[in-house]
Amino acid sequence: DGKHLARVMAIYISGSGVGGFLGRMITSAITDYYSWKLAIGVMGFISFVFAYFFIKKLPASNHFVKKKFSIQQVGVGMKEALLNKQLFLIYVMAFLLLGSFSTIFNYLGFPLSEGPFFLGLTAIGMFFIFQLTGTFGSFAAGRLVEKYSRVIIIIVGVVVASIGAFFTSSTSLLLFMIGLFFIGV
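Residues numbered from 1 in each chain as written. Predicted model: local features only at pLDDT ≥ 70, side-chain atom pairs only at ≥ 80, totals over all residues. Heavy atoms only, no water.

K.L.:
Is there a simple way to explain the confidence of the model for the protein chain in this structure?
P.N.:
Interpretation of the predicted coordinates at a detailed level should be avoided for regions scoring low in pLDDT. Residues of the protein chain with pLDDT of at least 70 account for 99%, and the chain-wide mean is 88. When the elements of the protein chain are averaged for pLDDT, helix α7 (residues 133-147) gives the smallest value, 80, and helix α2 (residues 36-57) the largest, 94. (pLDDT = per-residue confidence, 0-100. Helix = DSSP H or I, 4+ residues; strand = E, 2+ residues; numbered from the N terminus.)

K.L.:
Would you mind going over the packing of helix α8 (residues 150-167) against helix α9 (residues 173-184) with me for this structure?
P.N.:
For any two helices packed against each other, the geometry is given by the interaxial angle and the distance between the axes. Contact pair α8 / α9: the axes reach a minimum separation of 7 Å and the direction vectors enclose 155 degrees. The angle between α8 and α9 falls in the class roughly antiparallel. Helix-helix and strand crossings are classified by hand; for α8 and α9 the assignment is left-handed. Residue-level inspection shows V160, A161, I163, G164, A165 and F167 of α8 in contact with α9, the latter providing L175, F176, I178, G179, F182 and I183. Of the residues contributing to the contact of α8 with α9, the split by class is ten nonpolar, two polar and no charged. (Axes fitted to C-alpha atoms, helices over the stretch in contact; angles between N-to-C directions. Parallel < 35°, antiparallel > 145°, perpendicular 65-115°, else oblique. Left-handed = near helix turned anticlockwise from the far one by under 90°. Contact = heavy atoms within 4.5 Å. Nonpolar A, V, L, I, M, F, W, Y, C, P; charged D, E, K, R; others polar.)

K.L.:
What is the right way to read the nonpolar core from this model?
P.N.:
A general trend in soluble globular proteins is that nonpolar side chains are found buried together. By size, the foremost hydrophobic cluster in this structure holds 13 residues, and its most contacted members are F105, L108, L112, F127, F128, F176 and L180. Top contributing element to this core by residue count: α9, with three residues. (Core = buried A, V, L, I, M, F, W, Y, C linked by side-chain atoms within 4.5 Å. Buried < 20%, exposed > 50% of the residue type's maximum accessible area, 1.4 Å probe, protein only.)

Spelled out as structure tokens, the structure:
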């Protein structure tokens, strides 16, 4: 039902936050105490196990009609999607916002491992808990979109994330964490 679309998308987005947090935390801790090779192996095994159970538990498709794959049809579909002005703006916005989010979380280990913080890998891995704020933030945004304009919610989200990015330039660990919280939301 279309009226539940925002909430369903929020659930999907929150799952990505949980996966990102757990993946970073587990690999950081294993790397800190053992090696990055073992960490990658453990994450590969965990991913394989979850994929196996997901495939086993996935319900059978209803009303699915198998079609022959055609690269030409994919190209036509991509062209139509990119020429749609409303969709194109959403693609640009998603690219910029997710790109900014990913860049900040991929980069945060560098300033945290150096002065003035000098944190170890396990401690740095714990900072990815702030990705979980996106889990709650996506639920809140999904509910707010049902009451308010999507444009307003997006603008508020961009402003809050921008304030958070500014705080991450601080040499105060508390302000750095507050910044990550705002970025995650």
